[in-house]
Amino acid sequence: MELVSTRTRARLAATLAVAAVIGGAASVATGDPAGAGTPKPAKVVQASVAGTSYDYGCATKSDHTVWCRHGNPSSPTQWTGFAQAASVSVGGSGGQTYLCALNLDQTVSCAGDNSFGQLGVNNVAVSGTPITVPGINDAVEVKAGLSTTCAVRSSGAVSCWGFGPLTGNGLPISTVMPPGDVPGISTATHVAMSASDVCVLLANGSLECWGDNHHGQLGPNAQFGGDYTPQAIPNLLGVQQVSVVGSWLCALHSSAVSCWGDNYYGQLGQVVNDQSSQANPLPIALPAVKQIALGVTGGCALTKKGDVYCWGSSFWATPATPWKVSGLPKLQSLVTSVGYNGTCALTKARKVLCWGAPGNQLVSATPTDQGF
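To start, this report covers the structure provided alongside it. Fair warning: this is a prediction, and the values are worked out from it, not measured in the lab.

### Some thoughts on the overall build of the protein
Then, in step 1: Along the protein, the regular secondary structure elements total one helix and 28 strands.
Then, in step 2: Long-range contacts, defined as pairs at least 24 residues apart, comprise 45% of the intrachain contacts of the protein with a sequence gap of at least 6.

Here it is in structure tokens:
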């Protein structure tokens, strides 16, 4: 158990360290070593996007505030009430967007739509004021889905709340679930989720997933249609990251990427309009990879050399096999998303760039600065 605690705390410590370094630099005015002048503007530390028709993006800044923008041509505005955010995750879709922040004290605060209790309480329909999720005081990661939220805790447990079936408890579809631990998960280091599926990375490098399974998202051994308690994904070792969106998912393992699930849009790096799903992970032809991020109909990978390759029809690529994105500056990281038909990235200059299929309200076919 101590191994899990160390690894998960290390992730949070790294997030806080970045915020501290950037925040410390921002507090000193140019030409004013004592910091007595006007502080420099806070810079983006981390960002998250969500939505399929009314795209929504939020960013955490080095002063621990949260800023969001909704479609074009809006400019980012501060979401007041978030004042101690280490990271933020955006969920929901359309007019039912919500967001949750991991705070510096390891609590979680959520605001926005609460139709399924995804803010952690059931007594409000919508809350513009962030609500502190009850019972969560040792979180190291939080992820917002369509209407379910999950947090990895320093103990290695995963707590979920909101839309009952995706909380991992095997509950019927109409259930609204308050925060509670997922049965059988005790060594978690990372959680990823889409509108219909949740996956947890365990300390031994294996995956446990639950949710919809109409396209083989839960692997070859799971029940067709859906399995709402954790299911082991076989034939994957040494997983370092998992990304889930729509009806497909990918795992990063030993610098390689394997994907499975739906392939209608070429998400598996195969041909577009292939309606055959794959329950067994298929390798994607990529150079050594550092990070992955998926959109609804295509994915992107940040390589160890700093290049970005994308595949699938989110990016109007023909064929669906990976191609190198041109015109990008040096990147810090890719940005996680839920139900988003494109990809965003955080540059080393702390700018958020997004690109994808034309028609997305936050993006164009070429990388565009989101103005955070």
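### Some details on the pairing of strand β15 (residues 207–213)
Then, in step 1: The buried fraction of β15 is high, at seven of seven residues.
Then, in step 2: In this structure, strand β14 (residues 197–202) lies alongside β15, joined through five bridges in antiparallel fashion. Within β15, the position partnered with D197 by the bridge is G211.
Then, in step 3: Here β15 runs beside strand β16 (residues 225–232); their pairing, made up of five bridges, is antiparallel. Residue pairing in the sheet places D212 in a bridge with G226 of β16.

### Notes on the packing of aromatic side chains
Then, in step 1: Within the structure shown, the criterion is met by three aromatic pairs.
Then, in step 2: On the numbers, 6.4 Å between centres and 70° between planes, the contact of W79 with F82 is edge-to-face.
Then, in step 3: Using a relative accessible area of 17% as the deciding quantity, one classes W79 as buried.
Then, in step 4: Relative to Y265, the ring of Y264 has its centre 5.0 Å away and its plane inclined at 85°; by these criteria the two rings are edge-to-face.

### So, the sheet that holds strand β6 (residues 98–103)
Then, in step 1: Pairing in this open sheet of four strands is antiparallel, and the strands run β5-β6-β7-β8 from one edge to the other. Because the sheet does not close on itself, it has two edges, and the strands there are β5 (85–91) and β8 (126–132). Taken over all neighbouring pairs, the strand axes of this sheet differ in orientation by 15° on average, direction set aside.
Then, in step 2: For β6 and strand β7 (residues 108–113), the ladder comprises five bridges, and the chain directions are antiparallel. Paired with A101 across the strands is S109, a residue of β7.

### Here we look at the pairing of strand β2 (residues 56–61)
Then, in step 1: Buried residues dominate β2, accounting for six of its six residues.
Then, in step 2: Alternating residues of β2 divide into Y56, C58 and T60 and G57, A59 and K61, and every residue in both groups is buried.
Then, in step 3: Relative to β2, strand β1 (residues 44–50) runs antiparallel, the two being bridged by six bridges. Bridge assignment links V49 to a residue of β2, and that residue is G57.

### Remarks on the pattern of salt bridges
Then, in step 1: Applying the stated rule across the entire model yields four salt bridges.
Then, in step 2: Between R153 and D138 there is a salt bridge, with its nearest N and O atoms 2.7 Å apart. Separated by 15 residues along the polypeptide, R153 in strand β10 (residues 148–153) and D138 in the loop between β8 and β9 (139–144) bring together distant segments of the chain.
Then, in step 3: Owing to a relative accessible area of 17%, D138 belongs among the buried residues under this scheme.
Then, in step 4: One salt bridge connects R153 with D181, and the closest N-O pair in it is separated by 3.7 Å. Within this pair, whereas R153 is found in strand β10, its partner D181 is found in strand β12 (residues 176–181), the two being separated by 28 residues in sequence.
Then, in step 5: On the basis of relative accessible area, R153 is assigned to the buried category, the value being 13%.

### A few points about the state of the cysteines
Then, in step 1: On inspection of all chains with the given rule, the structure shows seven disulfides.
Then, in step 2: Here C58 engages in a disulfide with C68; their sulfurs sit 2.1 Å apart. Here the S-S torsion is close to 110°, and the disulfide linking C58 with C68 is therefore right-handed. One end of the pair, C58, is in strand β2; the other, C68, is in strand β3 (residues 66–70), with ten residues separating them in the sequence. In this structure, C58 and C68 share a single accessibility class: buried.

The rules we used
- Residues numbered from 1 in each chain as written.
- Predicted model: local features only at pLDDT ≥ 70, side-chain atom pairs only at ≥ 80, totals over all residues.
- Heavy atoms only, no water.
- Helix = DSSP H or I, 4+ residues; strand = E, 2+ residues; numbered from the N terminus.
- Contact = heavy atoms within 4.5 Å.
- Buried < 20%, exposed > 50% of the residue type's maximum accessible area, 1.4 Å probe, protein only.
- Pairing = 2+ DSSP bridges.
- Phe/Tyr/Trp six-rings, centres within 6.5 Å; stacked < 30°, edge-to-face > 60°.
- Axes fitted to C-alpha atoms, helices over the stretch in contact; angles between N-to-C directions.
- Salt bridge = Lys/Arg side-chain N within 4 Å of Asp/Glu carboxyl O.
- Disulfide = S-S within 2.5 Å.

Note that all results are geometric; they support no functional claim without further evidence.
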